[in-house]
Each structure stands twice: as C-alpha cells, then as structure tokens.
Amino acid sequence: MATPRNKVPITQESNFEIQASQPAGFGKVPGFRIGDILLDRKLITEEQLRDVLQRQKSSGNRLGTCLLQMGLIDEETLAQTLSEQYKIPYVNLDQVEPDKETVLLIPKKLALQCQAIPLSRTGTSLLVAMLDPSNLAAIQELKFASGLEIQVFVAPESQIRREIQRFYDESSPESGDEELPRTEAVDGEVYDRLLHSDLSEASVEVIDETPEAVDVYALESMSGEDRVVDLANLILVDAVRRHASDIHLEPYDREFRLRFRTDGQLVTVMNLPLTIKDALTSRLKIMARLDIAERRIPQDGRIRLNVRLGDGVKEMDFRVSILPTLFGEKIVMRLLDKGNLMFDMGGLGLDHESLARFQTAIHKPFGLILVTGPTGSGKTNTLYSAISQINQPNVNIMTAEDPVEFTMKGVNQVQINERVGMNFAAALRSFMRQDPDVVLIGEMRDRETADMAIKASLTGHLVLSTVHTNSAPAAIDRLVNMDIEPFLIASSLQLICAQRLVRRICNSCNETVSVESSVLRQAGFANQELESIKPQKGRGCDECRGSGYKGRVGLYEVMEINEDIRKLILSRASAIEIREAAERNGMITLRGSGLQKVRDGVTSLEQVIQETSI
C-alpha cells in the first residue's frame, strides 16, 4: 500500500517528534485526572465538570464518554487529554501512515474489540494507537495475539475506526480470519489435525485441577479461547497417540517449535505460529497450576489427565518444566504412562543368565544393588520391576524418589523436596526408624546418601539405588570417588546392572541388509559367525512413520559381585581390571547384549554401535 500524501510512517524513534507536536500547554501537569486537566486548560468549567460527574455516576460510562456525549469536548481534545493524563504519546492518524503488514498482525475482530490499530513493528515491540491507554485487558489481548511487547500511542476514536475499516477492507478476506496462520511444518497432517480436528475439551479431562489458584482474568482472556484450549489438548493427546516420552515447546526469534521425543529421538512435529506462544504457554501453566505471571524463574508442575483414545480412557501424568529463555519460556513435558511400565523383568530385554543373577540378588535379605546408566535409559522401570517382584504383604518397602513417577500399591513412596530439607539423606535417616525390609533410594548423588545407603545394607536391609556411570565396573570407581571406603563397598555390594535403551526395528518393514565383514568384525562379532550374521533394518513405512523403528528395548550389563571382584575392590583395582574379572565370571557386556539383539533381529547394528562401546 502506498503511503498517502502528507502522511508519514511511524517508528519507535518518532516518539519525540510526536510528543513535541502536541498542543502548547500540554505536558505541564502529568498524572492529573482528566477533569482536572480540562479545568486547568479552561476547556470546561467547574459547573460543567459537576454535571459530567453526575451523569457519569448515573450512567456508569467513562468520564471521557460523558464529555463527548454532552458535547463539551471533541474526540481530538479527549485523546490529547488522555495522552497528558497517562503520559503516553499522542498521534494524529491524519498525519501518520500505519504499516500494512504490521496492521494485519492483529485480526480485524480483535482490533475492533480493543479499538486499536497497529502502526509499526520495531524489534520485539508493536507500536499501537488506541483511544484508552488504561485498558490493560485490551493491551494484554494485543500482546498475546501478536507475540510482541505493546507500546501504546493515543489517537482519536474516529481516526482509529477509519483506519481499521480502510486497511481490513482493502486486504484479502483471509486477513481478518481468526484461524491460526499457516506455517512451515514438518508434518502437515499434524498441522491440519491441530487446526481442524473435532477434538473438544471433553476429550481431555483435567484431574484435580483447582481454578481458584489461577488468575481469573488471565484464564478468561488467554486460555479461555476455544482455539487455545483445543490446541493445548490436541498437542497432549497427539503425544500420547505417538507414544512420545517428552514434549518440547521451544520459542525462538522467528519460530515457535513443537518437538516430540519418540523412541529416544527428538522429532520436529511443526512450527506453531508465534502469535499463539503466550496464550498456549499460559494455558499449559494453568493446567499445571503454575504462576502465569512469573516469567523470570524456572517452574515445575504436573498435569494429570484422563485421555480418551478410541473407546478407552488412559490416565496420564505430564511432568511440566518451565525454563525462561532468551525469546520466551521453553516448556518440556515428560509423559508418564503407567500402561507402559513393564513389571515383568523377563520382558525388559535381559538375557536368561543375567535375569537369573538379577533375581537372585533382589531376593537376598540384605545388600546393595545398583542400577546405572544415563538419563532416560530405563533405570526407573528396572527398579520398579525389581520392587514388584518382592512386593509382598510381609515385606515393608520404602522408597525415596525425585520425582515419584508411578504409584505402586503396597509400597511406601516418599517425594523428595529439597526446598524443605527433604533430600535423599534425610529420607533415608527417617526410613531407618520405620522398620523397613527393602529401601529404594532414587539416586545416590552425594557422599552422605551413599554412606547411609551402604550402612543400611550392612545392617540387614536390602537397598536399591542408581548412579550415573557408563558401565557396571565404573560404578565402583564412582563410589570410591565419593570417599566411600573400599571395604564398605566390597562388603555391601551384591550386584550392579548397567543399561541402555536402543530402538526396536519395526516389524512391519524390517528387511535384511548387507554389511561388510570388516564392519561386523569391528563391531565385535567373532570371525566364525561373520557369514551367518544377517543384520536387519527397517526400510520405513506408515506404521513407523518412515523411521524404520517402533519402540525400544534394553541392553543390560549385569555384574555379580563374587569373591574375586571383592578382592579387587579391596585392592583398589581399576575399572578395567574389574571388568576383565567380571567377563571371566560370565558377565555379558552392553556391547555383547547389543550384538545378541542384532543376531535376533530386534535392533539394528547402527543402534548398538551408537549406544555402546567395546
């Protein structure tokens, strides 16, 4: 659109000129009420002001509206007076030309509702002309719709209405459409479903939500919109449908990215419109019972939902983490589905011999059992499976977890809360006064916790816990580095299990692939089996969304602590020496476990090489 004659574009730098162009006398009494300003300018008399105030009281209208209705001032004078009252620049739209692309950032319906017209965009700020700069609700609506900070200018109402009519009537019909704008998306099908699905709020039932804990205005103005509620619900439901473990909502300068972690891999689902960022974030924070007004510090919450999928209802837990970033708040939601929890240890992926060693250890009356591996390797599932094996009415089981991911009937579970002093060490001290038989400590993070866990295992309790190391032998080094005496480690340890998760080959599209003998040999296969090995790989199909993989399976390295290894621990032997002794004792390494999964056609050679080392 060409700029009309005698009209100039407006920028953030134009503020000074606009303020300087105000009528003489303005700017001397900032902060006064509108009636006082008009009296000071001798634009109305005291008697007229009393009449206006009386009319305002009886009608309930704003004072400025009453002044206009009584013909005491015109629109331009009202706008200039409001500019003076609120110390906000006045702009004459007869002299300033709004930018067309900027105007269309705001839907026509919202522009009319807020009586506002965007002027231009500068960086992260949207310059907007409106009649009433005290209408904070309207300013907030404009901010949520545009995804930008709002800088307000005051302009006469008739000029604003004229510009709204001119710009939106000249633009295409789609410009005032309330639908979410189309964006570049990796998965167009998902985008279409997000916008056109018939999913309603009834499809997702929030469990134990307390609306009283949230700001009423924010709830109505942001999360109350149907499109925001439906979009939030559909993202959660779609993640459940895809069997995702995590949802990532990430704001950047020019995009708002949605990603799911499926089978351990982060996959971009789509780029959401930036205009929906604040509204969607607020909706999810409300569902998680977090403070929507706080955007400066991290927050953690929880969403519990009953999700209807087909004819069934699935109870889901979403652990919500909010982190302020440069361009807004990043949201990560961990999906906790009890239906995916496998309590049968035989189904975890353990080979027969390793499973027998693990079950022997957990049925001992005392000792320490450690499960080790990186974050997201399935340690919690392994521990829960072990606990379920020994969960009997005559056994008192106490757990300290951060967080408690799943509830187990008959198990006393304690949520760690560092803010009030309830850490793992404090929980363990209390457990010792609760007559426990079995104790599970979510993680041995420090010397105090490790020392107490080991002492508990030496005083007649079976203790299960986790540490973060790359292999089973390395867990012993980790304990030594925590200043735990070797004789305590040797006396208490019964078994260490290291694990990884690798992706399963899709059963619908698996096929045999040709791999060079040198690659097989380097991966760890023996020379005599190079000809017989037939590695498989998924070619990609609709069932696995073209990835070739569907689901995950565990690789396990189970190291039983026998007398030979105890002697090595006492002599402060290295992890390499302990590993060699364990292999002589029959321990199958993580790589060995992975190679067996390749022989069985469960996973691909690439996955094993990626997740394990020789």
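Residues numbered from 1 in each chain as written. Predicted model: local features only at pLDDT ≥ 70, side-chain atom pairs only at ≥ 80, totals over all residues. Heavy atoms only, no water.

A.B. asks: Honestly, the overall build of the protein chain in this entry has me stumped. Any pointers?
C.D. replies: Tallying secondary structure elements over the protein chain gives 24 helices and 21 strands in all. For the protein chain, the proportion of its 614 residues judged to be buried stands at 51%. Of the contacts made within the protein chain by residues no fewer than 6 positions apart, 67% connect residues no fewer than 24 positions apart. Element-wise, carbon and sulfur atoms account for 47% of the exposed surface of the protein chain, whose accessible area totals about 29,200 Å². (Helix = DSSP H or I, 4+ residues; strand = E, 2+ residues; numbered from the N terminus. Buried < 20%, exposed > 50% of the residue type's maximum accessible area, 1.4 Å probe, protein only. Contact = heavy atoms within 4.5 Å. Areas by Shrake-Rupley, 256 points an atom, 1.4 Å probe, with all protein chains shown as cover.)

A.B. asks: I tried to follow the pairing of strand S4 (residues 125-130) on my own but got confused; where do I start?
C.D. replies: On a regular strand, each side chain points to the face opposite its neighbour's, so the side chains alternate between the two faces of the sheet. Burial analysis of S4 places six of its six residues in the buried class, the great majority of the element. Going residue by residue along S4, you find Ser125, Leu127 and Ala129 tucked away on one face and Leu126, Val128 and Met130 tucked away on the opposite face as well. What sits between strand S3 (residues 116-122) and S4 in their antiparallel hairpin is a turn of two residues, with glycine 123 showing a positive phi close to 65°. Tracing the backbone out of S4, into helix H8 (residues 136-146) and back to the parallel element strand S5 (residues 149-154) gives a crossover that is right-handed. (Pairing = 2+ DSSP bridges. Right-handed = clockwise from strand over helix to strand, strands pointing away.)

A.B. asks: How should I be thinking about the nonpolar core in this particular structure?
C.D. replies: The tendency in soluble globular proteins is for nonpolar side chains to be buried as a group. Counting residues in each nonpolar core, the largest one holds 47 residues, and the members touching the most others are Leu493, Ile496 and Met559. The contacts of leucine 493, once residues within four sequence positions are left out, are Leu368, Leu370, Ile476, Leu479, Ile561 and Arg566. (Core = buried A, V, L, I, M, F, W, Y, C linked by side-chain atoms within 4.5 Å.)

A.B. asks: Even after reading the chapter, I still don't get the packing of helix H16 (residues 424-431) against helix H17 (residues 447-458), so can you show me in this structure?
C.D. replies: What describes two packed helices is the angle between their axes and the distance between those same axes. Direction vectors running N to C along H16 and H17 enclose 25°, while the axes themselves pass 8 Å from each other. For the element pair H16 / H17, the angle class is roughly parallel. The way H16 lies across H17 gives a crossing that is left-handed. Residues Phe424, Ala425, Leu428 and Arg429 of H16 form the contact with H17, whose own contacting residues are Glu448, Thr449, Met452 and Ala453. (Axes fitted to C-alpha atoms, helices over the stretch in contact; angles between N-to-C directions. Parallel < 35°, antiparallel > 145°, perpendicular 65-115°, else oblique. Left-handed = near helix turned anticlockwise from the far one by under 90°.)

A.B. asks: Is there a simple way to think about the pattern of salt bridges in this case?
C.D. replies: Should the charged atoms of two oppositely charged side chains come close, the side chains can pair. Per the stated rule, a full pass over the model turns up 31 salt bridges. A salt bridge links arginine 334 to aspartate 246, with the shortest nitrogen-to-oxygen separation between them at 2.6 Å. Pair noted here: arginine 334 is in strand S12 (residues 328-336) and aspartate 246 is in strand S7 (residues 244-251), with a separation of 88 residues, a long-range link. Residue classification places aspartate 246 among the buried residues on the basis of a relative accessible area of 5%. Between arginine 445 and glutamate 443 there is a salt bridge, with the nearest N and O atoms lying 3.3 Å from each other. On the accessibility criterion, arginine 445 (34% relative accessible area) is partly exposed. Taken together, the shared-partner salt bridges connect Asp94, Glu97, Arg162, Glu163 and Arg166 into one network. (Salt bridge = Lys/Arg side-chain N within 4 Å of Asp/Glu carboxyl O.)

A.B. asks: How should the state of the cysteines be read in this particular structure?
C.D. replies: One covalent bond between the sulfur atoms of two cysteine residues makes up a disulfide. Within the structure shown, the criterion is met by zero disulfides. The structure places no disulfide on cysteine 509, whose sulfur is separated from the nearest cysteine sulfur, that of cysteine 541, by 3.7 Å. (Disulfide = S-S within 2.5 Å.)

A.B. asks: Even after reading the chapter, I still don't get the environment of valine 463, so can you show me in this structure?
C.D. replies: Here valine 463 is to be found in strand S17 (residues 462-467). Taking relative accessible area as the criterion, valine 463 reaches 0% and is therefore assigned buried. Each C-alpha atom of the pair valine 463 and glycine 367 lies 6.2 Å from the other, and the pair is 96 residues apart in sequence. Setting aside anything within four residues of it in sequence, one finds valine 463 in contact with Gly367, Leu368, Ile369, Val439, Ala453, Ala456 and Ser457.

A.B. asks: For this particular structure, what's the right way to read unusual backbone geometry?
C.D. replies: Note on backbone geometry: most residues besides glycine have negative phi, and most peptide bonds are trans. Residue proline 403 is bonded to the preceding aspartate 402 through a cis peptide linkage, with omega at 0°. At histidine 243, a residue that is not glycine, the phi angle is positive and equals roughly 60°. Secondary-structure assignment places histidine 243 in the loop between helix H12 (226-241) and S7. Judged by relative accessible area, which is 52%, histidine 243 ranks as exposed. One non-glycine residue with positive phi stands out, namely arginine 572, at about 55°.

A.B. asks: Can you walk me through the sheet that holds S5 in this structure?
C.D. replies: Within the open sheet, the three strands sit side by side as S3-S4-S5. Their pairing is mixed. At either margin of the open sheet sits one strand with a lone partner, and together these are S3 and S5. Ignoring which end each strand starts from, the neighbouring axes of this sheet average 30° apart. Where S3 meets S4, six bridges bridge the pair, whose relative direction is antiparallel. Within the sheet, the bridge partner assigned to threonine 122 lies in S4 and is serine 125. With respect to the sheet, H8 is in contact with S3, S4 and S5, its orientation differing from that of S5 by roughly 135°.

A.B. asks: Help me understand the pairing of strand S9 (residues 265-272) in this model?
C.D. replies: Here strand S8 (residues 256-262) runs beside S9; their pairing, made up of seven bridges, is antiparallel. Of the residues in S9, the one forming a bridge with phenylalanine 260 is valine 267. Counted between consecutive antiparallel strands, the loop separating S8 from S9 contains two residues, among which aspartate 263 sits at a positive phi close to 55°.

A.B. asks: Which parts of the structure should I look at to understand the sheet that holds strand S18 (residues 493-505)?
C.D. replies: Backbone hydrogen bonds are what pair the strands of a sheet, in a parallel or an antiparallel way. With mixed pairing, seven strands are arranged side by side in an open sheet as S15-S14-S16-S17-S13-S18-S21. With partners counted over all chains shown, the strands left at the sheet margins are strand S15 (412-415) and strand S21 (549-560), one partner each. Direction aside, the axes of adjacent strands within the sheet are offset by 20° on average. Across ten bridges, the pairing between S18 and S21 is antiparallel. Looking at the pairing, arginine 500 lines up with leucine 555 of S21.

A.B. asks: Explain the packing of helix H18 (residues 472-481) against helix H22 (residues 575-584) here, please?
C.D. replies: Contact geometry of H18 with H22 gives a least axis separation of 8 Å together with a crossing angle of 140°. Looking at the two axes, H18 sits oblique to H22. Considering only the axes of H18 and H22, their crossing is right-handed. Contact residues: H18 offers Pro473, Ala474, Ile476 and Asp477, while H22 offers Ala575, Ile578 and Arg579.

A.B. asks: For this particular structure, what's the right way to read H17?
C.D. replies: Given 3.6 residues to a turn, an α-helix orients residues that are three or four positions apart in the same direction. Between its first and last C-alpha, H17 extends 16 Å over twelve residues, near the 16 Å set by a 1.5 Å rise per residue. Residues Thr449, Ala450, Asp451, Met452, Ala453, Ile454, Ala456 and Ser457 constitute the buried set of H17. The backbone nitrogen of glutamate 448 lies 3.4 Å from a side-chain oxygen of the residue at the head of H17, namely aspartate 446. Backbone geometry just after H17 places glycine 460 at a positive phi near 95°. (Expected span 1.5 Å × (residues − 1). Polar contact = N/O pair within 3.5 Å; in protein donor to acceptor, adjacent residues only side chain to side chain.)

A.B. asks: Honestly, a nonpolar patch on the surface in this entry has me stumped. Any pointers?
C.D. replies: Taken together, the side chains of Tyr252, Leu326 and Phe327 make up a nonpolar region of the molecular surface, amounting to roughly 310 Å² of accessible area. Relative to the helices and strands, phenylalanine 327 resides in the loop between strand S11 (312-325) and S12. (Patch = residues over 30% accessible without salt bridge, like charges linked within 9 Å, V, L, I, M, F, W, Y side chains within 5 Å.)

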